[in-house]
Number of protein chains: 2
Amino acid sequence: MRPKICLFGDSITEESFSNGGWGASLANHFSRTADIVVRGYSGYNTRWAVKVLDKVFPAVDEAAPVAVTVFFGANDSCLHDRYAAFQHVPLDEYKDNLRSIFTFLKKRWETTVILFITPPPIDEAGRLMHPYIENPSGLPERTNEAAGAYAKACVDVARECETPVVDMWTKMQEFSDWKNSCLSDGLHLAQGGNRIVFEEVVKKLKEVGVSLELLPVDLPLFSEINPKDPLKSFEN
Amino acid sequence: MRPKICLFGDSITEESFSNGGWGASLANHFSRTADIVVRGYSGYNTRWAVKVLDKVFPAVDEAAPVAVTVFFGANDSCLHDRYAAFQHVPLDEYKDNLRSIFTFLKKRWETTVILFITPPPIDEAGRLMHPYIENPSGLPERTNEAAGAYAKACVDVARECETPVVDMWTKMQEFSDWKNSCLSDGLHLAQGGNRIVFEEVVKKLKEVGVSLELLPVDLPLFSEINPKDPLKSFEN
């Protein structure tokens, strides 16, 4: 059975199979070695995520995934006094919820790598240009400062749980044109952002032993099949 | 449990999660409704495919996939006297092998939709420009005429099995610039080819009842969550 890597998160995970998306790139990268299973739920914060853990990861007798990415915070960090306030989750509760998600997954599958991913940075001008509902206030519903606080909290919880983490908030801002190259509407990922998430996830998974070099390949590769006796490869 | 759609085939299936690939597009289309499971094996013909059916679709107690695409023929139709002769499978055996794959899958999962996809057309000039090994003969290892014969055979077997089929060989050639817009090296799919496979597969699956309209959505959609009482959506 081919192992699985599950992607659990919000819209940035749900949309990860759109053109050039980081989920599709992972599926392409792990071709013949791992199945990529998407469990992205647009708009969800960690409070709602905790409520649905049993349904997202049902207790059936399935093989443990080799890894699960946990990519929340973009909705939790909505400001409490702007139009998306109903998605807001206070910082301390966000940390508690991440701990609960980690504990749930580790209890279900002891050996599975849990990889946290922090929320990406926010381009506030982009958010004002592309509001999700009418926004006469002239104020963005998300700020980069708030996203940064949630990103730091996510890194802190990962350290506490001794589990790997990709700090997208910091990583993306290393690129001078991140607002345009990484983001499409001030929040969701453009081509550049998708590439960074893909590359960072592959790198981090490799550090913890989930890599093309270590995963077995499903069935003989074409390059291993002897043109003079192809069926010999299929004898076992 | 979210239902699955399996993609079984050769490199055109294995590579279907590369940028703009038809597999990734299916995963994006069936977001929140079905998991797309890739079982593409680069270079494989139906003779080799038949040998590995038990490994590709192991007899574990898993839920039946809602659909399996069977997309072979691009390698079977390699000419028997050119450099890729070891991949060639005679036309009658190709038909028998497709019947065996169909019977195997129907025996395993009676209700699963088996969707055949014919090999795409071949641009012989493209094949000569991009040979997979040194090819001093000056002759292409695949021809459009041969691909057409295998496509017709695939359609015939589908009719005989009373199972749906997408005739990519015919469909792509409806576009006047198919050699450039649909193919990248005379055989594999460029952006246009990927889009056609995606659109035709979605259309054909819809005709047999596998569609966004009929598949249940996994967990409440953001648009269904009441901003005034979000947790109410998660009570059950």
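Residues numbered from 1 in each chain as written. Chains lettered and ligands numbered in written order. Predicted model: local features only at pLDDT ≥ 70, side-chain atom pairs only at ≥ 80, totals over all residues. Heavy atoms only, no water.

You'll find chain A entered in an unreviewed UniProt entry as GDSL esterase/lipase At5g45920, with Spinacia oleracea given as the organism.

1. Regarding the relation of the copies chain B and chain A
Both copies of the chain are tied together by a single rotation about an axis and a shift running along it. Superposing chain B onto chain A takes a rotation of 180° plus a shift of 0.0 Å along the axis, which leaves an RMSD of 0.0 Å. Each copy turns onto its partner about a two-fold axis. No C-alpha of chain B lies nearer the rotation axis than that of A24 of chain B, which sits 2.9 Å from it. (Least-squares fit on C-alpha atoms with pLDDT ≥ 70 in both.)

2. Concerning the interface of chain B and chain A
By a widely used convention, the size of an interface equals the accessible area lost when the partners come together. With 43 residues of chain B in contact, the opposing surface of chain A contributes 43 residues. Together, the buried faces of chain B and chain A total about 3800 Å²; carbon and sulfur atoms form 62% of this surface. Of the charged contacts in the structure, one is a salt bridge between R39 of chain B and D35 of chain A, with a shortest N-O distance of 2.8 Å. Remark: the boundary between chain B and chain A carries 16 residue pairs in polar contact (both at pLDDT 80 or more). Listed by contribution, the elements that provide at least two residues to the side of chain B that touches chain A are α2 (22-29), β2 (35-40) and α3 (46-56) of chain B. (Contact = heavy atoms within 4.5 Å. Buried area = accessible area lost by both parts, 1.4 Å probe. Salt bridge = Lys/Arg side-chain N within 4 Å of Asp/Glu carboxyl O. Polar contact = N/O pair within 3.5 Å; in protein donor to acceptor, adjacent residues only side chain to side chain. Helix = DSSP H or I, 4+ residues; strand = E, 2+ residues; numbered from the N terminus.)

3. Comments concerning the environment of T118 of chain A
All names here are of chain A. Considering the arrangement of structural elements, one finds T118 in the loop between β4 (113-117) and α5 (124-129). Here T118 falls in the buried class, since its relative accessible area comes to 0%. Note: C-alpha distance between T118 and K106 (12 residues apart in sequence) is 19 Å. Separated by 2.9 Å, the side chain of T118 and the backbone nitrogen of M168 make a polar contact. (Buried < 20%, exposed > 50% of the residue type's maximum accessible area, 1.4 Å probe, protein only.)

4. Structural notes on empty space enclosed by the protein
This model, assessed by the stated rule, comprises 1 cavity of 30 Å³ or more. Here the largest cavity is characterised by a volume of approximately 130 Å³. Every element with two or more residues in the lining of the largest cavity is listed here: β2 (35-40) of chain A together with α2 and β2 of chain B. Counting residues per element, the lining of the largest cavity draws most heavily on β2 of chain A, at 4 residues. (1 Å grid on protein atoms, 1.4 Å probe; cavity = no way out; pocket = protein on both sides within 12 Å on 5 of 7 lines; lining within 4 Å. Points joined across faces, edges and corners; volume = space filled by probe spheres on them.)

5. Quick look at the pairing of strand β3 (residues 67-71) of chain B
For a regular strand, side chains alternate in direction, first toward one face of the sheet and then toward the other. Residues and elements named next belong to chain B. Within β3, 5 of the 5 residues are buried, leaving the element largely enclosed by the surrounding structure. Here β3 shows no split at all, with A67, T69 and F71 on one side and V68 and V70 on the other all buried. Both strand β1 (residues 4-9) and β3 contribute to a ladder of 5 bridges, which runs parallel. Residue pairing for β3: I5 is matched across the bridge by A67. Examined bridge by bridge, β3 and strand β4 (residues 113-117) share 4 bridges and lie parallel to one another. Bridge assignment links V68 to a residue of β4, and that residue is I114. One crossover worth recording links β3 to the parallel β4 by way of helix α4 (residues 91-108), and it is right-handed. (Pairing = 2+ DSSP bridges. Right-handed = clockwise from strand over helix to strand, strands pointing away.)

6. Examining the pairing of β4 of chain B
Across the 5 residues that make up β4 of chain B, a large majority, 5, are buried. Neither face of β4 of chain B is exposed, since V113, L115 and I117 of chain B on one face and I114 and F116 of chain B on the opposite face are all buried.

7. Some remarks on the sheet that holds strand β1 (residues 4-9) of chain A
What holds strands together in a sheet is hydrogen bonding between their backbones, with the strands either parallel or antiparallel. Residue and element names in this part refer to chain A. Strand order across the open sheet formed by 5 strands is β2-β1-β3-β4-β5, with parallel pairing between neighbours. Each edge of the sheet is formed by a strand with only one pairing partner; in this case those strands are β2 and β5 (165-166). The sheet contacts of helix α9 (residues 191-207) involve β1, β3 (67-71), β4 and β5, and relative to β4 the element is tilted by about 145°. (Axes fitted to C-alpha atoms, helices over the stretch in contact; angles between N-to-C directions.)

8. Some words on the side chain of H88 of chain A
All names here are of chain A. One can find H88 in the loop between β3 and α4 (91-108). Within polar-contact distance, the side chain of H88 engages the backbone oxygen of C78 at 2.8 Å. If near-sequence neighbours (up to four positions away) are discounted, H88 is found in contact with R47, N75, D76, C78, L79, H80 and Y150.

9. Here's the deal with the environment of E213 of chain A
Looking at the secondary structure, you find E213 of chain A in the segment after α9. Among the polar contacts made by the side chain of E213 of chain A, one reaches the side chain of S211 of chain A at a distance of 3.1 Å.

10. Structural notes on the packing of α3 of chain B against α4 of chain B
Residues and elements named next belong to chain B. At their nearest, the axes of α3 and α4 sit 9 Å apart, and the two run at 20° to each other. Relative to α4, the element α3 lies roughly parallel. The way α3 lies across α4 gives a crossing that is left-handed. Along the contact surface, α3 presents T46, R47, A49, V50, L53 and D54, while α4 presents E93, Y94, N97, L98, S100, I101, F104 and R108. In terms of residue class, the contact of α3 with α4 is made up of 7 nonpolar, 3 polar and 4 charged. (Parallel < 35°, antiparallel > 145°, perpendicular 65-115°, else oblique. Left-handed = near helix turned anticlockwise from the far one by under 90°. Nonpolar A, V, L, I, M, F, W, Y, C, P; charged D, E, K, R; others polar.)

11. Observations regarding unusual backbone geometry
Residue and element names in this part refer to chain A. Even without being glycine, E162 reaches a positive phi, approximately 55°. Following the sequence through the fold, E162 ends up in the loop between α6 (144-161) and β5. Non-glycine residue L219 carries a positive phi angle of around 70°. Examined against the element boundaries, L219 turns out to sit in the segment after α9.

12. Observations concerning the sheet that holds β3 of chain B
Residue and element names in this part refer to chain B. The strand order across the open sheet built from 5 strands is β2-β1-β3-β4-β5, with neighbouring strands paired in parallel fashion. Edge positions in the sheet fall to β2 and β5 (165-166), since each of these pairs with one other strand and no more. As paired elements, β1 and β2 share 6 bridges and run parallel to each other. From the neighbouring strand, C6 faces β2, where its bridge partner is V37.

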